[in-house]
Amino acid sequence: MTRHEDDTERTFAALPPAQGKGFAETWWGRAWLQALEGTALDSAQLKTGRRLARAGAVGAVSVRPGRLTAVVQDRDRTAHRADVLLEELSPERWDRFLDMAAERAGHVAALLDREMPPHLVEDAGDAGIDLLPGLGDLEPECDCGAWDHCAHTAALCYQVARLLDQDPFVLLLMRGRTESTVLEDLQRRSGASAAQEPAPEGVDAAEAYAAGDILPPLPPLPALPGEPGAPPSLDTETPPASGLDPVALEFLAARTAVRAHGLLREALRGGFPAELPPAQDAVRLAAGDPGPDVADRLADGSGRGREGLATAVRAWRHGGAAALSVLDEEWRVEGETLARARAALDSAWDPGERPELRARGNRWTVVGALVELRLGRDGRWWPYRKESGRWQPAGGAAQDPATALASATAPASAELTPREGSSA
């Protein structure tokens, strides 16, 4: 690394190829790349830029206030000058930042250790100063003529992320101040602050302990997000480890986000659903429409096979774990439960209109028709219809057996829609 006499420009020698490594290991390095990747319109250019940076095609990087510069070679060895511009902080914003940092010794210590703790950036943001770039803040210029981020400016940004990992003062220089200037200003402000502030008088230990239970009220619960978050893409240049299926992992991450969203919704309502056993959880995952390979693995792992899993998914979409239990369980109805079931069946139809039913356990099959009612342990009735020799769930649960039976006899296209969150 070369420092110029006035210290307003630093030149970093070309870095070796980044074989098998990410371009950012620190959180601030990843935030830098997010500002690039969240803005660029052409993902293909980003991928090409990653490959160029990974192959060591980025030359020496010059860093000065408001600008990064490097020569980047294409695969055919054609050299291009790439520049990335970042707005400098105004003198007034610099003063606010330095005043804020000088008030907290931890901020100064972190910078001296070549670290940028999140609370430093958060405190700066509270003071109206954005240290890290946001979406659209990294402005590209390249002699290849591209108007958006091209492979060359993308490669430069990926390389700079590695520099930022090593030294956050690179970012401060881009924002307009050299390392020596920042440290001198912080030292001057810290000394002045220490001289002006009287020594603390201290607090009596007994009084502090006695007041320990006087706490402010908890803040209100945050609002539930409108939809589950999207997991990060695993589309990288690094090949997956042996035995790792990226497609299956991406699907599992997406369904986990849906499940977490559903659990949070129930928790905010004052409840919390029971943990699903593995066999039911496999059905929940399959209800998320995985790809064929993942679906086959779920069918084998659940022990249901393809057809059995398809039937289970159909039940899940009608009523979640409760509907799945009705599909799988056949139990003997006795005593008071049987009396209530018979009373419900007797009162569901007008005299002479009730269909003839043949009972077997908790299942009442309509004689002469390929439909049946199944009684859940919670007293609700579930409609079923025989299709291609297999009993299939035909709708959601109902308290009234006649309503449930009407769902079973309706066309397949008229089945009830899945309950909200039943596939969560």
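This structure is a prediction, so every number in the text was calculated from the model and none was measured.

Scanning the protein from terminus to terminus reveals 15 helices and 11 strands. Relative to its full complement of 424 residues, the protein shows a buried share of 41%. Approximately 23,300 Å² of the protein is accessible, and the part contributed by carbon and sulfur atoms is 53%.

Attention now goes to the packing of helix H1 (residues 27-37) against helix H6 (residues 151-166). To describe two helices that pack against each other, one gives the angle between their axes and the distance between the axes. Running from N to C, H1 and H6 point in directions that differ by 165°, and their axes come no closer than 8 Å. Here H1 is positioned roughly antiparallel relative to H6, judged by the angle of their axes. In this structure, the crossing between H1 and H6 has a hand that is right-handed. Contacts between H1 and H6 involve Trp28, Gly29, Trp32, Leu33, Leu36 and Glu37 from the former and Ala154, Cys157, Tyr158, Val160, Ala161, Leu164 and Asp165 from the latter. Per-class residue counts for the contact of H1 with H6 are 10 nonpolar, one polar and two charged.

What the rule picks out here adds up to 28 salt bridges. Of the charged contacts, one joins arginine 96 and glutamate 92 as a salt bridge, the two residues approaching to 2.2 Å between their closest N and O atoms. A residue pair is termed a helical-turn pair when its members lie 3 or 4 positions apart in one helix, as arginine 96 and glutamate 92 do in helix H3 (residues 91-102) at four residues. Accessibility expressed as a relative area gives 44% for glutamate 92, which makes it partly exposed.

The strands that make up a sheet pair up through hydrogen bonds in the backbone, lying either parallel or antiparallel. The five strands lie next to each other as S7-S8-S9-S10-S11, forming an open sheet whose pairing is antiparallel. Every interior strand has two partners, whereas the edge strands, strand S7 (357-360) and strand S11 (390-393), have only one. The average angle at which neighbouring strand axes cross in this sheet is 30°, direction not considered. With four bridges connecting them, S7 and strand S8 (residues 363-366) associate as antiparallel partners. Paired with leucine 357 across the bridge in S8 is valine 366. Against the sheet, helix H15 (residues 401-409) touches S8, strand S9 (371-375) and strand S10 (381-387), its axis set at about 25° to S10.

Moving on to helix H10 (residues 246-268). Taking 1.5 Å of rise per residue, 23 residues should cover 33 Å, and H10 covers 33 Å from first to last C-alpha, within 8% of that figure. Regarding H10, the residues found buried are Ala248, Phe251, Arg255, Arg259, His261, Gly262 and Arg265. Buried-residue contacts for H10 involve helix H11 (278-286) and helix H12 (292-302). You can read the cap of H10 off the contacts: a side-chain oxygen lies 3.1 Å from the backbone nitrogen of valine 247, and it is on aspartate 245.

The next thing to look at is unusual backbone geometry. Phi angles above zero are rare outside glycine, and aspartate 289 is one such case at about 55°. Positionally, aspartate 289 belongs in the loop between H11 and H12. You can call aspartate 289 exposed: its relative accessible area is 59%. A positive phi is found at serine 388, a non-glycine position, where the angle reads about 55°. Relative to the elements of secondary structure, serine 388 occurs in the loop between S10 and S11.

This part covers helix H5 (residues 118-126). Taken as a whole, H5 has its buried residues at Leu120, Val121 and Ala124. Projected down its long axis, H5 carries its buried residues within an arc of 95°, all on one side. Seen from the buried face of H5, the exposed residues on the opposite side, beyond 90 degrees, are Glu122 and Asp126. On the buried face of H5, the contacting elements are H1, H3 and helix H4 (105-112). Two residues or fewer past H5, glycine 128 is found with a positive phi of approximately 85°.

Attention now goes to the packing of H12 against helix H13 (residues 305-328). Running from amino to carboxyl end, H12 crosses H13 at an angle of 95°, the nearest separation of the two axes being 9 Å. When the axis of H12 is compared with that of H13, the two are roughly perpendicular. Where H12 abuts H13, its residues Ala295, Asp296, Leu298, Ala299 and Ser302 lie against Gly305, Arg306 and Leu309. Across the contact of H12 with H13, the residue classes tally to four nonpolar, two polar and two charged.

What follows concerns the nonpolar core. Core analysis: the largest hydrophobic core is formed by 60 residues, its most contacted members being Trp32, Phe97, Leu131 and Met174. Per-element accounting of this core gives the leading share, 10 residues, to H6. One finds Leu298, Leu309, Ala323 and Trp382 within the second-largest nonpolar core, a separate group that totals 22 residues.

This paragraph deals with the packing of aromatic side chains. Going through the model one piece at a time under the given rule, you end up with three aromatic pairs. Taken together, a centroid distance of 6.3 Å and an interplanar angle of 85° make the contact between tryptophan 27 and tryptophan 28 edge-to-face. A relative accessible area of 7% places tryptophan 28 in the buried class. Between tryptophan 94 and phenylalanine 97, the ring centres sit 5.8 Å apart and the planes meet at 80°, which makes this aromatic pair edge-to-face. Of this pair, tryptophan 94 and phenylalanine 97 both sit in helix H3, three residues apart, roughly one helical turn. Judged on exposure class, the residue tryptophan 94 and its partner phenylalanine 97 are both buried. It is arginine 374 that lies over the ring of tyrosine 384; its NZ or CZ is 3.9 Å from the centre.

Bringing a nonpolar patch on the surface into the picture now. Residues Leu234, Leu244, Leu249 and Leu252 make up a contiguous nonpolar surface patch of about 310 Å² in total accessible area. Take leucine 244: it is sitting in the loop between helix H9 (205-210) and H10.

What counts, and where the lines are drawn
- One numbering rule holds for all chains: residues counted from 1, following each sequence as written.
- With pLDDT at 70 or above as the cut-off, local features in this predicted model cover only qualifying residues; side-chain atom pairs require 80 or more to be listed or tallied, and sums for whole chains, interfaces and linings still use all residues.
- Side-chain metrics rest on all non-hydrogen atoms present in the structure, leaving aside hydrogens and water.
- Secondary structure elements follow DSSP: runs of H or I of four or more residues count as helices, runs of E of two or more count as strands, with numbering from the N terminus.
- Buried, partly exposed and exposed residues are distinguished by accessible area as a fraction of the type maximum, computed with a 1.4 Å probe on protein chains only: under 20%, between the cut-offs, and over 50%, respectively.
- Using a 1.4 Å probe, the Shrake-Rupley method yields the accessible areas, and only the shown protein chains count as cover for residues.
- Axis geometry follows a simple rule: fit a line to the C-alpha atoms, using only the stretch in contact for helices, then measure angles between N-to-C directions, giving values from 0 to 180 degrees.
- Any angle between 65 and 115 degrees counts as roughly perpendicular, while under 35 counts as roughly parallel, over 145 as roughly antiparallel, and the rest as oblique.
- Left-handed describes a crossing in which the near helix is turned anticlockwise from the far one by less than a right angle; the clockwise case is right-handed.
- Note on contacts: a residue pair qualifies if any of its non-hydrogen atoms lie within 4.5 Å across the two residues.
- Three categories are distinguished: nonpolar for Ala, Val, Leu, Ile, Met, Phe, Trp, Tyr, Cys and Pro, charged for Asp, Glu, Lys and Arg, and polar for the others, with Gly belonging to the last.
- The salt bridge definition used is simple: a Lys or Arg side-chain nitrogen within 4 Å of an Asp or Glu carboxyl oxygen.
- Pairing between strands requires that DSSP locate at least two bridges from one strand to the other.
- The span one expects for a helix is its residue count, reduced by one, times 1.5 Å.
- By the criterion applied in these results, polar contacts are pairs of N or O atoms within 3.5 Å in which, for protein atoms, one can donate a hydrogen and the other can accept it, and in which residues neighboring in sequence qualify only through two side-chain atoms.
- As used here, the arc is the angular range of directions from the helix axis to the C-beta atoms.
- Side-chain atoms within 4.5 Å link the members of a nonpolar core, which is a set of buried Ala, Val, Leu, Ile, Met, Phe, Trp, Tyr and Cys residues.
- Geometry of aromatic contacts follows a simple scheme: Phe, Tyr and Trp rings, the Trp one being its six-membered ring, pair when their centres are within 6.5 Å, and the pair is stacked under 30 degrees between planes, edge-to-face over 60, tilted otherwise.
- A ring has a charge above it when a Lys NZ or an Arg CZ is no more than 6 Å from the ring centre and no more than 35 degrees off the ring normal.
- By definition, no residue in a patch forms a salt bridge, and every one has over 30% relative accessible area; like charges are joined within 9 Å, nonpolar side chains (Val, Leu, Ile, Met, Phe, Trp, Tyr) within 5 Å.

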